[in-house]
Amino acid sequence: MYRIHVWKVLLGILPPHSDSHALVGGYRKEQYQDILEALEVMRFINSSTPTTQVYLRMFQLESQVLPRRSEISPPDEEDNDFLSISRAMEEIVDDPVDCYWLIKCFVNQFNTKFGDSIPHLPKSLEHYLSQEEPRLLNHLKNTGALARLPYSLWFRRCFASCLPESSLQRVWDKVISGSCKILVFVALEILLSYKIMLLGINKPESVVNLLCNIPQENTDAIVTKAIDLWHKYCGTPMHSV
């Protein structure tokens, strides 16, 4: 609960001063109910709509990009990024009101703060991999796998649906605190952790399949080592992007 509370303050859902938390929390709940009711009246959602789809429609309505009902199409890549983050947040946060606000503000802050940096993260990963394991980098280049690594999963979805919630929360702590560079070091540590297996794979699609379905047992150790790498290369980068 403490982590969720800190996230809410850092993301601007609650003000820094605790005196106003109950009042602002009440406003947030009212806003949530108003948006929900508006979507029900417009028949965009009903009692059987999956919660993550409800959150997507709420987000679209608030962002003024809600499509006409006659023009609804399958989710595009940006929608799927949102849905993936929503599913992960749903596993972390029990209360639907808190869950929606955290998803909305996480996605908005991430896109606003780091949107310009995201396209450069694959090159950054390549740089640090050349420092840590040049042999693996050359292998990924030579097999054509480097260009096909799951960058969207790692850098657009922030490892949602890749890492289990216990590990994911520690990564999101850093992102919410102001650094998207941690995403590079988690990706780097995943590559280093599966180096021997990756060196034995020559098909790019097999590399992608492995990296998109990493075993869930040792992810806490991967995140711990990634944080160590983050400190090694960036010092204590509280505001590093």
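Residues numbered from 1 in each chain as written. Predicted model: local features only at pLDDT ≥ 70, side-chain atom pairs only at ≥ 80, totals over all residues. Heavy atoms only, no water.

J.: So what exactly am I meant to see when it comes to the packing of aromatic side chains here?
T.: Aromatic ring pairs are described here by two measures, namely the spacing of the ring centres and the angle between the planes. Throughout the structure, instances matching the rule amount to 15 aromatic pairs. When the ring of Phe106 is compared with that of Phe110, the centres are 6.3 Å apart and the planes differ by 5°; the resulting orientation is stacked. Of the two residues, Phe106 and Phe110 both sit in helix α5 (residues 96-114), four residues apart, roughly one turn of that helix. For the pair shown, Phe106 and Phe110 are each scored as buried. Grouping aromatic residues by their ring pairs yields a cluster made of Trp7, Phe106, Phe110, Phe114 and Trp172. Over the aromatic face of Trp101 sits the side chain of Arg28, whose NZ or CZ is 4.5 Å from the ring centroid. (Phe/Tyr/Trp six-rings, centres within 6.5 Å; stacked < 30°, edge-to-face > 60°. Helix = DSSP H or I, 4+ residues; strand = E, 2+ residues; numbered from the N terminus. Buried < 20%, exposed > 50% of the residue type's maximum accessible area, 1.4 Å probe, protein only. Lys NZ or Arg CZ within 6 Å of the ring centre and 35° of its normal.)

J.: Where do I start with helix α9 (residues 165-177) in this structure?
T.: Think of an α-helix as 3.6 residues a turn; residues three or four steps apart then line up on the same face. For α9, with 13 residues, the first-to-last C-alpha span of 18 Å sits near the 18 Å given by 1.5 Å per residue. Taken together, the buried positions of α9 are Ser167, Leu168, Gln169, Val171, Trp172, Val175 and Ile176. Immediately beyond the C-terminal end of α9, within one or two residues, lies Gly178, with a positive phi of roughly 125°. (Expected span 1.5 Å × (residues − 1).)

J.: Hey, could you run me through the packing of α5 against α9 in this one?
T.: Pairs of packed helices are described in terms of their axes, by the angle between the two and the distance that separates them. Packing of α5 against α9 leaves a shortest axis separation of 10 Å and a crossing angle of 55°. It follows that α5 is oblique to α9 by the angle criterion. Between α5 and α9 lies a crossing of left-handed hand. For the pair α5 and α9, the contacting residues are Phe106, Gln109, Phe110 and Phe114 in the first and Trp172, Val175 and Ile176 in the second. A breakdown of the residues in the contact of α5 with α9 according to their chemical character gives six nonpolar, one polar and no charged. (Axes fitted to C-alpha atoms, helices over the stretch in contact; angles between N-to-C directions. Parallel < 35°, antiparallel > 145°, perpendicular 65-115°, else oblique. Left-handed = near helix turned anticlockwise from the far one by under 90°. Contact = heavy atoms within 4.5 Å. Nonpolar A, V, L, I, M, F, W, Y, C, P; charged D, E, K, R; others polar.)

J.: Would you take a moment to explain unusual backbone geometry for this structure?
T.: Positive phi values are uncommon outside glycine, yet Gln64 reaches one of about 60°. Tracing the backbone shows Gln64 in the loop between α3 (51-62) and α4 (77-92). With a phi close to 70°, Phe159 is a non-glycine residue in the positive phi region. Assignment of secondary structure puts Phe159 in the loop between α8 (151-156) and α9.

J.: Honestly, the nonpolar core in this entry has me stumped. Any pointers?
T.: Counting 82 residues, the largest nonpolar core has Trp154 and Trp172 as its most contacted members. Element by element, the count of residues in this core is highest for α5, at eleven residues. Excluding residues within four positions of it along the chain, Trp154 makes contact with Leu125, Leu149, Phe159, Cys162, Leu183, Ala187, Ile190, Leu191 and Leu211. (Core = buried A, V, L, I, M, F, W, Y, C linked by side-chain atoms within 4.5 Å.)

J.: Would you mind going over the pattern of salt bridges with me for this structure?
T.: One side chain can pair with another of opposite charge once the charged atoms of both are near each other. Applying the stated criterion across every chain yields a total of ten salt bridges. Asp81 is paired through a salt bridge with Arg157; the nearest N and O atoms lie 2.8 Å apart. Taken together, the residues Asp81 in helix α4 and Arg157 in the loop between α8 and α9 connect sequence positions 76 residues apart. If you follow the salt bridges from partner to partner, you end up with Asp81, Arg156 and Arg157 in one network. (Salt bridge = Lys/Arg side-chain N within 4 Å of Asp/Glu carboxyl O.)

J.: Could you clarify how one ought to interpret the packing of helix α6 (residues 121-132) against helix α10 (residues 181-193) in this entry?
T.: Packing of α6 against α10 leaves a shortest axis separation of 9 Å and a crossing angle of 45°. Viewed along their axes, α6 and α10 adopt a mutual orientation that is oblique. Here α6 runs over α10; the crossing is right-handed. In this structure, α6 uses Leu121, Ser124, Leu125, Tyr128, Leu129 and Glu132 to contact α10, whose residues at the interface are Lys181, Val184, Phe185, Ala187, Leu188, Leu191 and Leu192. Looking at the contact of α6 with α10 residue by residue, the classes come out as ten nonpolar, one polar and two charged.

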